[in-house]
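Residue-level listing of the chains:
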Amino acid sequence: MTDNPLLLGALATPLIGAILALLSARSNRRQRAIGVAAGLIAWIFAAGLLAQVHEFGVQTYALGSWQPPYGIVLVADALGALFAFMVTTIMVAGLLYTYHCHDKCMTYPTFVPLFLLMEVGLVGAMLTGDLFTLFISMELMVLASVSLTAISDDQFGLEAALKYILISSMGTLFLLLGIAAMYATFGTLNMAEIAQTLLTGERPFLAPAAALMLLCAFLLKSAVFPFHFWQPDFHTTAPTPISAMLSSIVVKVGVYGIFRLVTLLFIEEAFLLERLLGVLGVIGIVFGSLGALRTYNAKRMLAYSTFAQIGFILVGIGWGGTLALVGAIVYAFNHAFIKSALLMLMGVVASYTKIKTADFVHVRGLGTKLPPLLSWLVLLGGLALAGVPPLNGFISKLALIQGGVDNGDWVNLIIVVAAGILTLMYMIRAWQQIFQQAPLPSTTETKPVGDSMAAPLLLIAICLLLGTVFAEPLLQLISETVRQMMDPQIYIAGVGLSNGS
Amino acid sequence: MIEFMFALAIGILFGIGVFQLLRRDLIKAAIGFAILFSAINLFFVAAGAFEGEFAPYLSNVQAGRSVSDPLVQAFILTAIVVSFGSFSLLLGIVNIISQRYDTVDSNDVTQLKH
């Protein structure tokens, strides 16, 4: 087993970037430049890793040369590499947005370091091979995002941060409890070794309880139905680039954990878990879409929409089977790009208002004073979210519906299609309110300059490319990923346990 | 006997922690969080503490005798650091809340409700 330095690079670059940014705290401009540079380098590492994983199979890096199962091992299999690539790509856009943002909180010396630490947590959660490092990464991500929301320009940010840290700490505690139960039963936390033990059909006493605790922690991180109530507040009040990250990739950490639970660890019980996830997903779709229809704030609408979109992914996982899993992963991948682009666009719109808010009463009719490109971008993003053909949202809907047809679950299929129409309704409604209607007296005053549109423009361009030129390669890549996920032996053999017990 | 007492202690700490975490007073909730974290750390220690006969130093391992699991203690040290970090962040947020809202009663911290 050879160590692949790309894994360490993807994880260490943002960490080093965070330290460098802290050291250059005197110059805010230099900090932001360091942030963009670190994000770009991490992206190069992750892209190289994705290419290598598909060329040569599972890549590993044993930290400090302590061989698994004793040491901490970083593992990139097809799923982990794909998610790490997605995270680093969106992070580059987020850091790019920070570069030209006029929020007051961006000038705080800890903003960029915390942003980069969030990336460390995200990439670490995707690339780790043992559960305890997963816990550490998730906690790092939570603490960074809580701090970033607490310093938000929005006056309610602090309250939302308090709400989230109380709930999320509870979730993290149960994650740790589940991990302790795992350790008590299996004597190891290396995922490959646990998977190997579980594959033999052995079911220790505490294992089902541990699985449920892990599942609850992941559902809480993804804001799925019984644990969702903190999400709209938290995602609305965060600073624009942060809320774009929270709503697109931070919720995907939970989805990633669920993928690992049902395809690597608890394969025999996966059927039961999938049933549960399917039901929770449908609840999320219905109430998320309805909630998005009746909100008063454009960013809050998108936060509710995330609640619904995670529901689509869970329904895909719930259907099970190869095609449905392909649909779920394509959906998760594309949604990250669409949602981060849309949240950044709404942030740009909000940045033109006097008090920086995305409330419809304040942004209604604002579009007449904004650059016309913004209107087109919001419309394109909305169509992508609803799944209209030339954009990547269509590909993900198509892949998901294929999985449903393959499964023959017509009830849920109808709900999925109908919710797509609801998505179109709320997105078009928001677009009309901002760009088509006559301005209210409350919106007459605007700032002359808002945030730069470069980052959302980049993301929408990626959405267009993913929906047209790269649609076929993406589907092939993800089909190959699912083929490798369905065979846990590939992961276990790839980690290469040294003692084989 | 010690194992039973240990389990009982973990259970009691867990109960106190959950009860405190659900209090209206935010400072009590924060302390409940710390207690709950200690309970889970103790649970983690219990997973490996009662197995071996010797402390895991390389020098005093005798042939045929078992040593206790050193890994859990490494895990706990990390978990304590993590819990310390989140506890202090939580207290910091509660501190600013108390200044901005003039209360630490969570029933009065409700500006997000529209």
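Please refer to the structure higher up on the page.
Residues numbered from 1 in each chain as written. Chains lettered and ligands numbered in written order. Predicted model: local features only at pLDDT ≥ 70, side-chain atom pairs only at ≥ 80, totals over all residues.

**Q** So, the overall build of chain A: which residues are in play, and what are the values?
**A** Scanning chain A from terminus to terminus reveals 20 helices and two strands. For chain A, the C-alpha atoms occupy an extent of roughly 70 × 55 × 40 Å along the three principal directions. Every one of the 501 residues in chain A was classed for burial, and the buried ones make up 63%. Within chain A, residue pairs in contact and separated by at least 24 positions form 79% of the contacts whose partners lie at least 6 positions apart. (Helix = DSSP H or I, 4+ residues; strand = E, 2+ residues; numbered from the N terminus. Buried ≥ 20, exposed ≤ 12 C-beta atoms within 10 Å, placed from the backbone. Contact = placed C-beta atoms within 7 Å.)

**Q** I'd like a description of the pairing of strand β2 (residues 73-76) of chain A, backed by residues and values.
**A** Residue and element names in this part refer to chain A. Burial along β2 is two-sided: V73 and V75 facing one way and L74 and A76 facing the other are all buried. Direction of pairing for strand β1 (residues 59-62) relative to β2: antiparallel, over a ladder of four bridges. Residue pairing in the sheet places T60 in a bridge with V75 of β2. (Pairing = 2+ DSSP bridges.)

**Q** Account for the interface of chain B and chain A, naming residues and giving values.
**A** If you look at the interface, chain B gives 25 residues, while chain A gives 24 residues. Counting residues per element, the ones that place at least two in the side of chain B that touches chain A are α2 (26-49) and α3 (71-101) of chain B. The greatest single-element share of the side of chain B that touches chain A, amounting to 13 residues, is contributed by α3 of chain B. Of the residues that constitute the side of chain B that touches chain A, the class distribution is 20 nonpolar, four polar and one charged. (Nonpolar A, V, L, I, M, F, W, Y, C, P; charged D, E, K, R; others polar.)

**Q** Kindly report on the packing of helix α5 (residues 131-150) of chain A against helix α6 (residues 157-186) of chain A, identifying the contributing residues and their values.
**A** Residues and elements named next belong to chain A. Interhelical geometry of α5 versus α6 gives an angle of 175° and a closest axis separation of 9 Å. Judged by the angle between their axes, α5 and α6 are roughly antiparallel. Counted together, L131, F132, F135, M138, E139, V142, V146, T149 and A150 of α5 and G157, L158, A160, A161, Y164, I165, S168, T172, L175, L176, I179 and M182 of α6 form the full contact between these two elements. (Axes fitted to C-alpha atoms, helices over the stretch in contact; angles between N-to-C directions. Parallel < 35°, antiparallel > 145°, perpendicular 65-115°, else oblique.)

**Q** A description of the nonpolar core should follow, citing residues and the corresponding values.
**A** One finds A10, L49, A84 and V349 of chain A to be the most contacted residues of the largest nonpolar core, which totals 226 residues. In contact with L49 of chain A, not counting residues within four places along its chain, are L6, L7, A10, Q59, A76, A81 and A84 of chain A. (Core = buried A, V, L, I, M, F, W, Y, C linked by C-beta atoms within 7 Å.)

**Q** Now, about helix α15 (residues 372-386) of chain A: what can you tell me, with residues and values included?
**A** Residues and elements named next belong to chain A. Look at α15: 22 Å from first C-alpha to last across 15 residues, which is about the 21 Å you get at 1.5 Å a residue. Every buried residue of α15 is listed here: L374, L377, V378, L380, G381, G382, L383, A384, L385 and A386. In this fold, the buried residues of α15 make contact with α12 (298-319), α13 (321-351), α16 (392-407), α17 (410-435) and α18 (454-467). Remark: G387 follows α15 within two positions and exhibits a positive phi of approximately 90°. (Expected span 1.5 Å × (residues − 1).)

**Q** Provide a residue-level description of the packing of α16 of chain A against α18 of chain A, including the pertinent values.
**A** All names here are of chain A. With their axes 7 Å apart at the nearest point, α16 and α18 run at an angle of 45° to one another. When the axes of α16 and α18 are compared, the pair comes out oblique. For the pair formed by α16 and α18, the contact residues are N392, F394 and I395 on the first element and C463, L466 and G467 on the second. Partitioned by chemical class, the residues of the contact of α16 with α18 number four nonpolar, two polar and no charged.

**Q** Give a detailed account of helix α7 (residues 191-199) of chain A, specifying residues and quantitative values.
**A** Residue and element names in this part refer to chain A. The buried fraction of α7 is high, at seven of nine residues. Taken together, the buried positions of α7 are occupied by M191, A192, E193, I194, A195, Q196 and L198. Check the buried side of α7 and you find it contacts α5, α6, α10 (240-265) and α20 (488-495). Phi for G201, located one or two positions after α7, is positive at around 95°.

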